[in-house]
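# Coordinate analysis (summary)
Given next are the chains, with one letter for each unit.
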Amino acid sequence: MRRAVTTGDVEDETSARVHRHARSVVWVETTAGRWAVADICDFRQFVLNGTSGLLWRSFDGHSTDDAIVERVLDTYPDHPESARGDCRALIDELLRLRLLEPTLPHPDHEQAADAGMEL
């Protein structure tokens, strides 16, 4: 069982979240920097472009959501004040759509030990 380390501070908990593309999702970069994303379980299809496409391709299963948002915002130095919140809202929407799934940024040593493995 994976356990989240929490400090009781909601901002700290959301900033430490790490996600990866869901295993049932495939994607391809199309022309003009657009990303075609499809869930092969239920055949839902989406197109992400601009900032949303850049955000999408940044989920690597290791970087925290906040680190990804900061890298994306660094690409657009004149971004509006609302951009950070907009990026977080998009992450939440991608989770709701089951296009992203939570993961641990580092191997879970306790879980491995429980399975008789050594990391």
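Model, not experiment: these values are computed from the prediction.

All told, the structure shown has one aromatic pair when counted by the stated rule. Here tryptophan 27 and tryptophan 56 contribute two aromatic rings whose centre-to-centre distance is 5.7 Å and whose plane-to-plane angle is 85°, an arrangement assigned as edge-to-face. One end of the pair, tryptophan 27, is in strand E2 (residues 25-29); the other, tryptophan 56, is in helix H2 (residues 50-58), and 29 residues separate them in sequence. Accessibility expressed as a relative area gives 37% for tryptophan 27, which makes it partly exposed.

Ranked by internal contacts, the top residues of the largest apolar core, which has 20 residues, are Val37, Leu55, Trp56, Phe59 and Leu99. Among the elements of the structure, strand E3 (35-39), H2, helix H3 (65-75) and helix H4 (83-96) are those that each provide at least two residues to this core.

Cut-off values and rules
- Residues numbered from 1 in each chain as written.
- Predicted model: local features only at pLDDT ≥ 70, side-chain atom pairs only at ≥ 80, totals over all residues.
- Heavy atoms only, no water.
- Phe/Tyr/Trp six-rings, centres within 6.5 Å; stacked < 30°, edge-to-face > 60°.
- Helix = DSSP H or I, 4+ residues; strand = E, 2+ residues; numbered from the N terminus.
- Buried < 20%, exposed > 50% of the residue type's maximum accessible area, 1.4 Å probe, protein only.
- Core = buried A, V, L, I, M, F, W, Y, C linked by side-chain atoms within 4.5 Å.

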